[in-house]
Amino acid sequence: MKFNKYLAMLLGATLVLSACGDDSADEPAAESEEATDSEESSGDAASLETNIVTIATGGSSGPYNIIATTLAEGYSNEFGVNSRTQTTGASAENLNLMAEEKVEMSFVMSDALTQAVNGEETFSEPIDNIQQVAALYPNYVQLISTDGAGIESVEDLAGKRVAVGDQNSGVEIATRAVLEAHGMSYDDIEVDYLGYAEASEAMRGGQLDAAFLTSGLPNASVMELQNSVDLKIVPIEQEAVDVLSEDADYFEALEIPADTYGNEEAVPTVAIMNALVVRSDMSEDDVYNLTKYMFENLDTLGNAHQAANDINIETAEDSAVIDIHPGAQKYYDEQ
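Residues numbered from 1 in each chain as written. Predicted model: local features only at pLDDT ≥ 70, side-chain atom pairs only at ≥ 80, totals over all residues. Heavy atoms only, no water.

A. Representation of the overall build of the chain within the structure. Across its full length, the chain holds twelve helices and ten strands. Counted over contacts in the chain with a minimum sequence separation of 6, partners at least 24 positions apart contribute 75%. Of the accessible surface of the chain, which amounts to about 16,100 Å², a share of 44% is contributed by carbon and sulfur atoms. (Helix = DSSP H or I, 4+ residues; strand = E, 2+ residues; numbered from the N terminus. Contact = heavy atoms within 4.5 Å. Areas by Shrake-Rupley, 256 points an atom, 1.4 Å probe, with all protein chains shown as cover.)

What follows is the structure, encoded as structure tokens:
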């Protein structure tokens, strides 16, 4: 009797253990199915042939860097690539980095881009390994001063200490053009090669009379400066824009809206469209996917910096100043 009782207990325990083992075996199978589903889902996402997408920008406080940083983070998350920004002296330096194949994409101004592909001005020979992805948003030439400096017009800069942007930057290229449109040159002013943040700090310290900045609106350095000085935005009148536009149709007359920097009225100025460029040797599929992602995430870019709110599909292709990369063109043709 005792033997039968123990045998029954042993058989019962075996059945319990066997049942537990069945449940345990089912769980890895379910997990395996989930992993397979996840792999299939991720396989549906676009992938890139390149593993690196470095975007050359400009100064750390400028819209180029702010917008491009958000774009690079999106590229990394979406495509699983190493995408990051490289802060630089902006347009001219960016274009030279492209020529040296040290970066894959760049934010540049259309004037510098035109000069680069033609081998003009600061570019000793044409840069022929770049194509445009899109025209972006307008860069406003912002000539800033203080109420006490006595500068009411561009002509009043004569003999004054003026920041003209980093040397060979898009800001400096535009500065030279604006001065020439007023019959002036660097010989007429005391030149300081300073970027946005440095120029603002020098003006705050009384070491500058005026500064040229060329960026989307608003510029973070100017916004910060207005809190510590009596900021004045100096107008660039239509007559000068007409002179600039005679040889370069990328110049256009625009206004810095009222209240951008505490200004009571809109201030006339000249603007130049920004451009996103890519190396020509990037594949058509890669550039297509990078272009598509950017236009499908304009709200995110606009949240990073409001200048990106002016990027739109209508002007992106029409306002391009050089050949569009086939990958970007494929995206436009689908719209």
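B. Fine view of the pattern of salt bridges. Counting across every chain of the model gives eight salt bridges. In this structure, the salt-bridge partner of R176 is E172, at a minimum N-O distance of 2.9 Å. Highlighted residues: R176 and E172, both in helix α5 (residues 170–181), separated by four residues, approximately one helical turn. Relative accessible area serves as the criterion here: at 38%, R176 is assigned to the partly exposed category. A cluster of three or more residues bridged by salt bridges with shared partners is formed by E104, R279 and D281. (Salt bridge = Lys/Arg side-chain N within 4 Å of Asp/Glu carboxyl O. Buried < 20%, exposed > 50% of the residue type's maximum accessible area, 1.4 Å probe, protein only.)

C. α5, seen in detail. Over its twelve residues, α5 runs 17 Å from end to end, which matches the ideal 16 Å to within 8%, given 1.5 Å per residue. Buried residues dominate α5, accounting for ten of its twelve residues. Every buried residue of α5 is listed here: G170, V171, E172, I173, A174, T175, A177, V178, L179 and A181. (Expected span 1.5 Å × (residues − 1).)

D. Local environment of the packing of α5 against helix α8 (residues 238–247). The contact between α5 and α8 brings their axes to 9 Å, and the two run at 115 degrees. Taken together, the axes of α5 and α8 lie roughly perpendicular to each other. The chirality of how α5 crosses α8 is right-handed. Contacts between α5 and α8 involve A177, V178 and A181 from the first element and A240, V243 and L244 from the second. Along the lines of polarity and charge, the residues of the contact of α5 with α8 split into six nonpolar, no polar and no charged. (Axes fitted to C-alpha atoms, helices over the stretch in contact; angles between N-to-C directions. Parallel < 35°, antiparallel > 145°, perpendicular 65-115°, else oblique. Left-handed = near helix turned anticlockwise from the far one by under 90°. Nonpolar A, V, L, I, M, F, W, Y, C, P; charged D, E, K, R; others polar.)

E. Molecular detail of unusual backbone geometry. Cis rather than trans, the peptide bond between L217 and P218 has omega equal to -10 degrees. One can find P218 in the loop between β7 (210–215) and α7 (220–225). For E101, which is not glycine, the phi torsion reads 60 degrees and is therefore positive. Locating E101 in the fold gives a position in the loop between α3 (91–99) and β3 (105–109). When its relative accessible area of 48% is taken as the criterion, E101 is described as partly exposed. The backbone of N168 shows a phi angle near 70 degrees, a positive value even though the residue is not glycine. With respect to the helices and strands, the residue N168 is situated in the loop between β5 (161–163) and α5. A relative accessible area of 36% means that N168 is categorised as partly exposed.

F. Spotlight on the pairing of strand β2 (residues 82–86). Bridge count between strand β1 (residues 52–56) and β2: five bridges; the pairing is parallel. Within the sheet, the bridge partner assigned to V53 lies in β2 and is S83. Following the backbone out of β1, through helix α2 (residues 63–79) and into the adjacent parallel β2, one traces a crossover that is right-handed. (Pairing = 2+ DSSP bridges. Right-handed = clockwise from strand over helix to strand, strands pointing away.)

G. Region of the structure containing the layout of surface pockets. The volume enclosed by the largest pocket comes to roughly 360 Å³. Forming the boundary of the largest pocket are 16 residues, of which Q115, E121, A177, E180 and F251 lie nearest the centre. Among the elements of the structure, α4 (110–118), α5 and α8 are those that each provide at least two residues to the lining of the largest pocket. For the lining of the largest pocket, the element with the most residues is α5, which contributes five residues. When its residues are assigned to classes, the lining of the largest pocket shows eight nonpolar, two polar and six charged. (1 Å grid on protein atoms, 1.4 Å probe; cavity = no way out; pocket = protein on both sides within 12 Å on 5 of 7 lines; lining within 4 Å. Points joined across faces, edges and corners; volume = space filled by probe spheres on them.)

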